[in-house]
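Structural overview
The primary structure of each chain is shown beneath.
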Amino acid sequence: MRHTKFFQRVFTISSFSVVSALLLIPGSVAAQAVAEKEAPVATEAASPEQESWQVNEATLRQVSYDIKYMSSDEMGGRQPGTPGIKMCEDFIVEEYKKAGLKPLADGTYFQELEVGATRTVDKEASALFLKGPNDAEVKLELGKDFQQLICRKDFDLKNDLVFVGYGISADEHNYNEYAGVDVEGKIVVLIRFEPQGDDPNSVFDGTETSRHASGSSKVTAARRAKAAGILMVNDAKSAANADELIQPDRFPTNSLPIAQIKRSVLDEVLKSSPLTIPTGQKLDSVKAIEAQIDSNLEPISQPLEGWTAEFKSKFVQETTKTNNIVGIIEGEGPNADETIIIGAHYDHLGMGAYGSRAGGRREIHNGADDNATGTAAVIELARRFNAREEKPGRRMVFICFTAEEMGLLGAFHYCQNPIYPLEKTAAMVNFDMIGWLRNNELTLYSLNSSKELDPVFETANKGFNFKLKKPASGGGSDQIPFNQKDVPNVFIHTGTTAVYHTPEDDFEALDCEGALKVIDYSEKVLDGLVSLKSKPTFGTPKPFRLGVMLDDANDVVTIEGVTEGSVAEKAGLQKGDIILEVDGKPLTKRRELSLITRRDAGKTVKFKLKRGDSEVMLNVLLKTGQ
Ligand SMILES: [Zn+2]
C-alpha cells in the first residue's frame, strides 16, 4: 500500500506500526491489540490461596468511562499547551471536586509550571527568495510555496543553488551525488527519498526504503560536503498527494537550514536553467530528472546556472504554562503529618511531534494506556479514600503530573517545589500504563527503594494473586525524581506494549477490568501504607554479600578467601573449602552462588563442603547484621 510506504519513509527509524495504523487491517497492530483483548488470556490455575477478587460492574463502568473520555480524540493526545490537555485538566479538577478533595492553599488544585514545549518558525522573520538569469525572480510564500523546517539556529543565507539529485552519498553502492560538484557554502537542491523506489532490483534495498532515503542521512551528506543549506522537493510519489508540504517540526534538532519547496517552483527554475546530461540532452523538469536518474543510476549533480537563493529564518521557543493537579486528604493520628503521594501523569504526545514511535505520523496519540489508565487510578482512589468515614493514618496527596513525556518535568517540578516536605513523605506510588494486564502479571518497579514496602505489597496481594514482578532497576516514569530525593517509591505497571507511543494506543485495545483489578489491589496497598507504624526508610537494600572469593576452574567451586567479619566467616566457611552443594544442588560455577545469594537473600541455606578429606555441612543465614 503506497500510502503506508510514504509514512514509512518520513525521516523515521521504526515503522512497523505504520502499516497497522490504518484502520483495523487484519494482522495489523490495532487488530492484534483488539484480538489480544478478546482472546481469552490463559491464566495459570489460581494458587492454593483462592483468588477472590470480584469485578464491581458499576465501578468498572465509571473507570472505563473516565479512561475512554481522557483518551478520546477530543483530548487530542493531551500535549501540554494544547486545548486537549486543558479539557483533561478540567475533567480531573471536576472529579477532584466531586470526590471532595481539599485544594491547595490558593484554593485551586493547580501547581503551575512552565515548560519549553515547542519551538516554532518566526513567520515574520522567515523568507525564501530565488533570483535567476535575466533578472528572473521567484518570491515564495511561507506555508504555500515553501515550508521552513525548524532547525537549531536562526540563519540568514544568500548563495548559489546547486542541484544534487537525491542528495545521496552511498559509496557502498558506488553512487555519490556530491562527487565532482562543489557545494561548499552553497545551497543544495535535492529530491526527497531515493531513486528507483519501485525497482525490486534497485541497490537501494529494492522497493524497500533504504537508510539513504532518510532526511537525517541527507543532512549528514550535505553537511559533510560543507553545504550551507538545503532546499528539498517531494519525490514524484509523495507529490502525488497534492505535493503536500511537510510539518515544520519534522526534525527540530538538525543544525542545517532546510526548507521544502513545491516541485512546481523547481520546475520553474529548471525551465530557465535546465540540467545538461552527458548526452547533451536538457532536463527541464523534476519529473524528467527522476526518470533520467532512475534509468541508469548515474548522478547528474550540477549548479542551477544563474540561480541564487536568499534564505533566512528565526525560531522562537514558546514556553507553555501547564499544571500538576494536586488534591489532598488530610490524615489523622500520630502520623498525620506524614504524606503519601499517589501519582500518575495525565499528559501524552498530542499529534506525535516528539516521543512517538509511529514514524513521524502526525495523528492523535490517544494515550489510553499511557496514561489515561494511571490517571483514572488516581481519581478512583481519591474518590474511595475520601468517601470513607475515618480519615487515613497519613495525609494522602493525589497528583496528576503534567509533562512526563517531556522528561518527567511535572514530577521534577514538584520535587523541587514540594507542597509537603519530602523528608516527611513516607512513600510515592506511581501509576503509569496499567491497561494491559496479561497473565495476571503486575510489575512493581523500584519496590526495593525501601525494605518496608515489599511486605505491604505482598500482603495486599491476598485474593488478587498477581504475579508480582520486582525488577531491581528501571522503569522510566514519575517516581524517578522522588527516588532521587530519597523518597520510598514504587511504579505500578502492567508492561510495555506494541502500541506504546503510537496512535494505536486506544481505549478499544485496553483491558479495563484488569486496570480496575490493579486499582482495587492498590487500594489495599494504600491501606497498608497509611497505617504503617513507622515511616518506611529509604535505601535500596545493599545487595547481600556472602563475603567469599571463589575460583571455579574445572567446575570445582573453591573458596579462595573469606572476608573478615563477613557472613561467610561467621557461618564458618573457610579458605580452601570446596562447595559441593547448596541446598542439595551441586554447584559448579561461582555465578550460581551469587544467583542463590540474591534469590534467597534473608533465608538459611545448607552448604555441603569438602574440607580436606572430610565433608562438612553448614547452615548459612544469607542475611547481614546477624
Ligand atoms: Zn507514561
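Heads up: the structure comes first, above all this text.
This text gives an overview of the structure that appears in the document. (Residues numbered from 1 in each chain as written. Predicted model: local features only at pLDDT ≥ 70, side-chain atom pairs only at ≥ 80, totals over all residues. Heavy atoms only, no water.)

Our next topic: the side chain of Asn335. By the element assignment, Asn335 lies in the loop between strand S14 (315-329) and strand S15 (339-345). Residue contacts for Asn335: discarding those within four places in its chain leaves Gly393, Arg394, Leu532 and Lys533. (Helix = DSSP H or I, 4+ residues; strand = E, 2+ residues; numbered from the N terminus. Contact = heavy atoms within 4.5 Å.)

Here we come to the side chain of Ser273. When you line up the elements, Ser273 lands in the loop between helix H8 (263-272) and strand S11 (275-276). Discounting residues that sit within four places of it in the chain, Ser273 has contacts with Pro133, Leu304, Glu305 and Trp307.

Under the defined criterion, the tally for this structure stands at 31 salt bridges. With a shortest N-O distance of 3.8 Å, Lys131 and Glu310 are connected by a salt bridge. Taken together, the positions of Lys131 in strand S2 (residues 127-131) and Glu310 in strand S13 (residues 302-313) put the pair 179 residues apart, joining distant regions of the chain. A relative accessible area of 32% means that Lys131 is categorised as partly exposed. (Salt bridge = Lys/Arg side-chain N within 4 Å of Asp/Glu carboxyl O. Buried < 20%, exposed > 50% of the residue type's maximum accessible area, 1.4 Å probe, protein only.)

This part covers the coordination of the zinc ion. The expected angle between donors at a tetrahedral four-coordinate metal is 109.5 degrees. At an octahedral six-coordinate metal it is 90 or 180 degrees. In the first shell of the zinc ion, the protein supplies His345 (NE2), Asp370 (OD), Asp432 (OD) and Asp432 (OD), at 1.9 to 2.6 Å from the metal. Mapping the donors of the zinc ion onto the primary sequence yields the spacing H-x24-D-x61-D. Taken together, the residues His345 in strand S15 and Asp432 in the loop between strand S17 (425-431) and strand S18 (441-445) connect sequence positions 87 residues apart. The buried category is assigned to Asp432, whose relative accessible area is 3%. (Donors = N, O, S within 2.8 Å, 3.2 Å for Na, K, Ca; no water.)

Counted by the stated rule, this structure contains 13 aromatic pairs. Each ring, one from Tyr69 and one from Phe91, has its centre 5.2 Å from the other, and the planes form 65°; the classification is edge-to-face. Highlighted residues: Tyr69 in helix H4 (residues 57-70) and Phe91 in helix H5 (residues 83-99), separated in sequence by 22 residues. The buried category is assigned to Phe91, whose relative accessible area is 8%. The rings of Phe457, Phe464, Phe466 and Tyr521 are connected pair by pair, giving a single aromatic cluster. Sitting above the plane of the Phe385 ring, Arg388 keeps its charged end 4.2 Å from the centroid. Over the face of the ring belonging to Phe466 we find Lys517, whose NZ or CZ atom lies 5.0 Å from the ring centre. (Phe/Tyr/Trp six-rings, centres within 6.5 Å; stacked < 30°, edge-to-face > 60°. Lys NZ or Arg CZ within 6 Å of the ring centre and 35° of its normal.)

A few words now on the environment of Lys312. Along the chain, Lys312 turns up in strand S13. Among the residues examined, Lys312 registers a relative accessible area of 37% and is labelled partly exposed. Along the sequence, Lys312 and Asp154 sit 158 residues apart, while their C-alpha atoms lie 7.7 Å from each other. Aside from chain neighbours lying at most four places away, what touches Lys312 is Ala125, Ser126, Ala127, Phe155 and Asp156.

Here we come to the state of the cysteines. Under the criterion given, the structure shown has zero disulfides. In this structure Cys400 is not part of a disulfide, and its nearest cysteine sulfur, from Cys88, lies 7.6 Å away. For Cys400, a relative accessible area of 0% translates into the label buried. (Disulfide = S-S within 2.5 Å.)

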